[in-house]
Structures are given as C-alpha cells and as structure tokens.
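Inside the fold
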Amino acid sequence: MEITLSKAERTKQFILETVAPVFSKNGYAGTSLSDITQATGLTKGAVYGHFENKEQLALACFNFNLKKILNELNIFVGKHNSPLAQFKAITDFYRRYYYLAVDFGGCPLITGGVDSNHQNPLLFSRVKQMTGKIRGKMVDIILNAIEQGDMRSDLDPHKYATRIFAMIEGSLYLAILMDEQDCVNDMMDHIDDMIEKEMKK
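A few points about the pattern of salt bridges
Pairing is possible between side chains of opposite charge, provided their charged atoms come close. All told, the structure shown has eight salt bridges when counted by the stated rule. Between D192 and R95 there is a salt bridge, and its shortest N-O distance comes to 2.9 Å. Residue D192 is found in helix α9 (residues 182-199), and its partner R95 is found in helix α5 (residues 83-104); the two are separated by 97 residues along the sequence. R95 sits in the buried class, given a relative accessible area of 16%. Between D193 and K197 there is a salt bridge, with the nearest N and O atoms lying 3.3 Å from each other. Taken together, the residues D193 and K197, both in helix α9 and four residues apart, mark about one turn of the helix. When its relative accessible area of 35% is taken as the criterion, D193 is described as partly exposed. Of the residues examined, K197 reaches a relative accessible area of 67% and is grouped as exposed.

Written as structure tokens, this is what we have:
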C-alpha cells in the first residue's frame, strides 16, 4: 500500500534530503543558515517551521544519513545466519562504503562526533548512542560465534568488537582525508585475516 505524504511531510523530507549532505560536507558547526536556505531555496521561516532550530535540524540530518547507511549494512548482514559470514559481510560492505561516504562528505559517525563535541550536546549524545549500538551489534555477533563454537571461548567480545569498529572508522577517516580507497580495502583484509587467524576457533 502506497503511503501518501502531506505537503508538510514532503517539505520536511525535502529539507532533510537537501541539507543532510550540506551538513556532512561543511560540518555541523560550519553550516550557516544561509547555506541551508541557499541549498533548499526556502526561507528561514519555512525551514524552522519544520525544525525547532539548527541543532534539531542537524540531529535530524544525522539520523537521516545514518539510517540510510545502517539499512544498507543490515541488508548485507541479514543475508547470512553464520556469525563468521556476517563479519565477512560487514567487511565487504565497508569496502563498498567508501564511495557512499564520499557522497555524504564523510562518515556521519566521524563527522558528527568530532564536529558536535562541545558544539551540539544533543547531536553528540546521539552519535555516542549510535556508536555504542553498532559496536554492541558486533559484540553480539562475536558472542554468537563463541556459542556456536566458531570462535575461541576465551575471547573478550567487547575488546575485539571495539578493535574492529576502530579499525573500520579509522580507515574510513584516513581514506576520505587522503582520497585513498586502498586504506579501507587493506584494513578490511586485515580484519578478515585477524578473524581467521586470531579469533576463529
């Protein structure tokens, strides 16, 4: 059944789709009201008729960008039941993710976390929450692998999930900064190798 949006909902969706890349590329603190109105072609009143203030708009844009990414990642991971295959799906996803991140102006987690610290407490809290949630999903995959006998029982799931998450985000940051996709590919190969030689039972 097709859902018909109201005019107000369509306008709000248009603002999110248009402004989210602007925030990502200019930074949340560095995006001015004139940047927002110029990108959308709307007046200040029209924009803030849908969002209380710039901080609320920044939070909504972060959620919009991250939702697109997580939906894609969930599709990759959801195709597999085996925890080991799910980790392989994660590294395969991030090999492709570089181009998506470039379109976004960077990884929303990195951009949002660094840019909102001491600037937008609401957004910073949300970034921390989502970072913890994603890392927690990796912890769950490791726990499942241990329970199924695919990974060593003496592994610290939180420690290894943190290492993997840090490797992914760090390689993305360097790849985008230096415009070198190989940084991501090499790190995903390293994670695959670490799982095979260090974590696998």
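Brief notes about helix α6 (residues 108-116)
Where burial is concerned, most of α6 is hidden: eight out of the nine residues are buried. Those residues of α6 that fall on the buried side of the exposure criterion are P108, L109, I110, T111, G112, G113, D115 and S116. The positive-phi residue at the C-terminal boundary of α6 is H118, with phi of around 70°.

Details of the packing of aromatic side chains
Evaluated as defined, the whole model comprises five aromatic pairs. Summarising the aromatic geometry, the rings of F76 and F93 are spaced 5.4 Å apart at their centres and angled 70° between planes, so their arrangement reads as edge-to-face. Of this pair, F76 sits in helix α4 (residues 54-78) while F93 sits in helix α5, and the two are 17 residues apart along the sequence. Classification of F76 as partly exposed rests on a relative accessible area of 21%. Residue F93 is classed as buried on the basis of its relative accessible area, which comes to 4%. On the numbers, 5.1 Å between centres and 85° between planes, the contact of F93 with Y94 is edge-to-face. Linked through ring pairs, F76, F93, Y94 and Y97 together constitute an aromatic cluster. We note R163 situated over the ring of Y160; from NZ or CZ to the ring centre the distance is 4.8 Å.

Rules used in this analysis
- Residues numbered from 1 in each chain as written.
- Predicted model: local features only at pLDDT ≥ 70, side-chain atom pairs only at ≥ 80, totals over all residues.
- Heavy atoms only, no water.
- Salt bridge = Lys/Arg side-chain N within 4 Å of Asp/Glu carboxyl O.
- Helix = DSSP H or I, 4+ residues; strand = E, 2+ residues; numbered from the N terminus.
- Buried < 20%, exposed > 50% of the residue type's maximum accessible area, 1.4 Å probe, protein only.
- Phe/Tyr/Trp six-rings, centres within 6.5 Å; stacked < 30°, edge-to-face > 60°.
- Lys NZ or Arg CZ within 6 Å of the ring centre and 35° of its normal.

Read these as layout, nothing more, since geometry by itself doesn't imply function.
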